Amino acid sequence: MKIAAIKRIILLVFIALIAIASYTAIGYFIPRTFFAELMLFAGVVFLLYFCCIMKVFAANNFKILLFFSLLFRLVFLFAIPQLSDDHFRFMWDGILTAHNISPYLYTPESITHINDSALSPFMQELKMNMNSPSYFSVYPPVLQLIFYSCVKLSGDSILSFVFSLRIFTIAAELGTIYLLIKILERLKQPAHKVLLYALNPLVIIEFAGNLHGESFMIFFLALSFYFLIKEKSTWSAIFLGIAVSTKLLPLIFLPAIFYFTGRKNGWKYFIVTILTTVITFLPFMNSAMVSHIASSIGLYFDKFEFNASIYYLLLWVGYDITGVNVIIILGKILPVFAMIFIMKLAMRYNLSDLERFFSLLLFTLVVYYLFSLVVHPWYITVLVFLSVFTRFKFALIWSALIMLTYSAYLQKPYQEILWITALEYMILAVIIFAELRFIKFTPFKKV
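Think of each chain on its own: its residues are numbered from 1, step by step along the sequence as written. Thresholds applied to this predicted model are a pLDDT of at least 70 for local features of residues and 80 or more for the giving and counting of side-chain atom pairs; totals over whole chains, interfaces and linings are not thresholded and use all residues. Only hydrogens and water are set aside; all other atoms, that is, all heavy atoms of the structure, feed into the side-chain values.

A. Region of the structure containing the overall build of the chain. By the criteria applied, helices consist of DSSP H or I runs no shorter than four residues and strands consist of E runs no shorter than two, each listed in order from the N terminus. When helices and strands are counted, the chain shows 21 helices and 4 strands. Only C-alpha atoms enter the radius of gyration; for comparison, a globular chain is expected to reach 2.2 Å times N to the power 0.38, where N is the number of residues. For 447 residues, the compact-globule estimate of 2.2 N^0.38 gives 22 Å, and the C-alpha radius of gyration of the chain, at 22 Å, lies within 12% of that figure. With the C-alpha coordinates of the chain rotated into their principal frame, the extents come out at 70 × 55 × 50 Å. When a residue's accessible area, from a 1.4 Å probe over protein chains only, is under 20% of the maximum for its type it is buried; when over 50% it is exposed; and in between it is partly exposed. With 447 residues in all, the chain has 55% of them scored as buried. Counting contacts in the chain only where the partners sit at least 6 residues apart, residues at least 24 apart contribute 77% of the total. In this description, accessible areas are obtained by the Shrake-Rupley approach with a 1.4 Å probe, and a residue is regarded as covered only by the protein chains that are shown. When the accessible surface of the chain is totalled, it reaches about 20,100 Å², and 69% of it is carbon and sulfur. Residues scored as positive are Lys and Arg, those scored as negative are Asp and Glu, and His as well as the terminal groups of each chain are ignored. Charge placement uses NZ in Lys and CZ in Arg. For Asp and Glu, CG and CD serve respectively. Charge centroids of the chain, computed over 33 positive and 21 negative side chains, lie 16 Å from each other. Contacts were defined at the residue level, with two residues in contact if any of their heavy atoms lie within 4.5 Å.

B. Quick look at the side chain of Asp93. Within the secondary structure layout, Asp93 lies in helix H5 (residues 86-98). With near-sequence residues (within four places) excluded, Asp93 lies in contact with Pro103, Ser137, Tyr139, Gln144 and Phe147.

C. Inspection of the packing of helix H4 (residues 62-74) against helix H8 (residues 158-186) at higher detail. Angles here are taken between N-to-C directions and fall from 0 to 180 degrees, while the axes themselves are lines fitted to C-alpha atoms, restricted in helices to the stretch in contact. Axis separation between H4 and H8 bottoms out at 10 Å; the angle between their running directions is 160 degrees. With respect to H8, the axis of H4 lies roughly antiparallel. Along this stretch, H4 crosses H8, giving a crossing that reads as right-handed. Facing Phe62, Leu66, Ser69, Leu70, Arg73 and Leu74 of H4, the residues of H8 in contact are Ile170, Glu173, Leu174, Ile177 and Ile181. Should an angle fall under 35 degrees it is called roughly parallel, over 145 degrees roughly antiparallel, and 65 to 115 degrees roughly perpendicular, with every other angle called oblique. Rotating anticlockwise by less than a right angle from the far helix to the near helix defines a left-handed crossing, while the corresponding clockwise rotation defines a right-handed one.

D. Structural view of the packing of aromatic side chains. Between 30 and 60 degrees the pair is tilted, below 30 it is stacked and above 60 it is edge-to-face, where a pair is any two Phe, Tyr or Trp rings, Trp via its six-membered ring, whose centres lie within 6.5 Å. Enumeration according to the criterion identifies 41 aromatic pairs in this entry. When the centroid spacing of 5.2 Å and the interplanar angle of 85 degrees are considered together, the rings of Tyr104 and Phe284 count as edge-to-face. Of the two residues, Tyr104 sits in the loop between H5 and strand S1 (113-114) while Phe284 sits in the loop between helix H14 (263-281) and helix H15 (287-302), which places them 180 residues apart along the sequence. Given a relative accessible area of 0%, Tyr104 falls into the buried group.

E. Layout of the environment of Arg391. Here Arg391 lies in the loop between helix H19 (381-387) and helix H20 (394-401). Overall, the relative accessible area of 39% leaves Arg391 in the partly exposed class. Here the side chain of Arg391 touches Glu355 through a polar contact of 2.9 Å, side chain to side chain. Two N or O atoms form a polar contact when they lie within 3.5 Å of each other; inside protein one atom must be a possible hydrogen donor and the other a possible acceptor, and for residues adjacent in sequence the pair counts only when both atoms belong to side chains.

F. Expanded view of the side chain of Thr277. Here Thr277 lies in helix H14. The exposure class of Thr277 is buried, given its relative accessible area of 10%. Polar contacts involving the side chain of Thr277 include one to the main-chain carbonyl oxygen of Gly241, which spans 3.3 Å. Aside from chain neighbours lying at most four places away, what touches Thr277 is Gly241, Val244 and Ser245.

G. Structural view of the nonpolar core. Among the nonpolar cores identified, the biggest contains 147 residues, and Tyr197, Tyr369, Phe385, Phe394 and Trp398 are the most heavily contacted of them. Per element, the largest residue contribution to this core is 12 residues, and it comes from helix H11 (residues 214-229). In contact with Tyr197, not counting residues within four places along its chain, are Arg73, Glu173, Thr176, Ile177, Leu180, Val203, Phe207, Ile218, Thr381, Val384, Phe385 and Val388. Think of a nonpolar core as a cluster: buried Ala, Val, Leu, Ile, Met, Phe, Trp, Tyr and Cys residues, connected wherever their side-chain atoms sit within 4.5 Å. If you look at the next biggest cluster of nonpolar residues, it comprises 5 residues, including Tyr104, Phe281, Met289 and Ile293.

H. Molecular detail of the pattern of salt bridges. Put simply, a salt bridge is a Lys or Arg side-chain nitrogen that is within 4 Å of an Asp or Glu carboxyl oxygen. A complete count under the given rule lists 7 salt bridges for this structure. For Asp93, the salt bridge goes to Arg89, with nearest N and O atoms at 3.1 Å. Placement of both Asp93 and Arg89 in helix H5 is noted, with a separation of 4 residues, approximately one turn of the helix. Both residues of the pair, Asp93 and Arg89, count as buried. With its nearest N and O atoms 3.6 Å apart, the salt bridge here joins Glu185 to Lys182. Placement of the pair is Glu185 and Lys182 together in helix H8, with a separation of 3 residues, close to one helical turn.

I. Here's a closer look at the environment of Ser399. Its place among the elements puts Ser399 in helix H20. We classify Ser399 as buried; its relative accessible area is 0%. For the pair Ser399 and Ile111, spaced 288 residues apart in sequence, the C-alpha to C-alpha distance is 38 Å. Apart from residues lying up to four places away in sequence, Ser399 is in contact with Phe46, Asn200, Leu202, Ile380 and Val384. Here the side chain of Ser399 touches Leu396 through a polar contact of 2.5 Å, landing on its backbone oxygen.

J. Region of the structure containing a nonpolar patch on the surface. Residues enter patches when they are more than 30% accessible in relative terms and free of salt bridges; like-charged ones are connected within 9 Å and nonpolar ones (Val, Leu, Ile, Met, Phe, Trp, Tyr) within 5 Å. A contiguous nonpolar patch, built from Trp267, Phe270, Ile271, Leu275, Val278, Ile279, Leu282, Met285 and Val290 and spanning about 850 Å² of accessible area, is present on the exposed surface. Here the element with the most residues in the nonpolar patch is H14; it accounts for 6 residues. With respect to the helices and strands, the residue Ile271 is situated in helix H14. In this structure Ile271 comes out as partly exposed when scored by relative accessible area, which is 46%.

K. Layout of unusual backbone geometry. Between Lys412 and Pro413 the backbone carries a cis peptide bond, its omega angle lying at -10 degrees. Among the secondary structure elements, Pro413 is positioned in the loop between H20 and helix H21 (418-438). Despite not being glycine, Lys188 shows a phi value in the positive range, around 60 degrees. Its location among the elements puts Lys188 in the loop between H8 and helix H9 (195-198). A residue is classified by how much of its surface remains accessible, and Lys188, at 76% relative accessible area, is exposed.

L. How the structure looks around H21. Its 21 residues give H21 an end-to-end C-alpha distance of 30 Å, which sits within 8% of 30 Å, the value for a rise of 1.5 Å per residue. Those residues of H21 that sit buried are Ile420, Thr421, Glu424, Tyr425, Leu428, Ile431, Ile432 and Glu435. For H21, the angular spread of buried residues about the axis comes to 125 degrees, placing them on one side. Seen from the open side of H21, the exposed residues pointing more than 90 degrees away from its buried face are Leu418, Trp419, Met426, Val430, Phe433, Arg437 and Phe438. By this rule the span expected of a helix is its residue count minus one, scaled by 1.5 Å. Working note: the arc is built from the helix axis to C-beta atom directions.

Written as structure tokens, this is what we have:
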């Protein structure tokens, strides 16, 4: 064996061992209140990530690094999420569905009995550990089906439930990675670009580790884009509707898809997507469900705030002028401005090829996040996914920067450190500006 090959093997083994050790620490031993330790190990895996995705290294070691992406996810297999407590609500919703009770009709706080029986000690434990017992569920039907399935497989065991959900999550992730490779083939782009997503530490930590539902949404988005590229728009619209029924976010892509497919096909695509979404909601559908979901979603526009950018600037200016918190006003105005901006992006630019189309989707989501009141770390995983098809890499940097937002959990009650938030967005703004300025590619071609 040549010395160069031996050195290469040693380097790959070193990368794997260091990454596995770091992911093990994050998955099993570091709660989100241990910010310094989290940043240390997250910094290590991000450093390894940026080294591994370098073009030459990724191309020469593609299959091995792809295997590593699965290995790193399997590290979390038996871990109870350390950086999130959402799994308690996931299981609660699944148990309600298993008892033929709609999770959209009652808040956990209001439930004291299930089918004329007092809550079991286990259900009391779930309620006690939940972060939002006074709010109605916001998880759409596809996720509710997954939660229900995991409850049926696990019984009254948090570890078993988490294990079952993690198996579903990793399966969805593998499906996404496979579809990314197939899409890259059709776009005539190198397959090793899939590593931008497959090896991304934020994706691995938030999905395999913290079990956030965006993993399933991204899988259905990948299916939708795969069929869109194959010019099977009906199937694409159906899977986009399923993605919306997993997380509502993909609705904001409809304007771009409408103009990309043309007005006639665009209306058909829009109708099929909405019909698919409505059909998936039918098993839970009633007036109370619609009202309760709307009220829960409304909290993201007039009460919740986390890691915002434009909103925090306007809030500061508004408070300085009026002396009161103007969150309710801004929460209703900013989404309108975001949608106007998104519609103009879709209408004013000629989407002459697929790379410009995916670039538009990427910037559509960026605009939405910049106007949002809440931008959690796992939200950025969708940007990482879209980046695979474009020349823009700012989302990869953002995926590392946004780990800094875990500093909010240093104290109780949890509170953001705003200078860290400001630093995150200042660095991001510089990187986006630099890419738009210096990349020799115009993402949008004006009509």
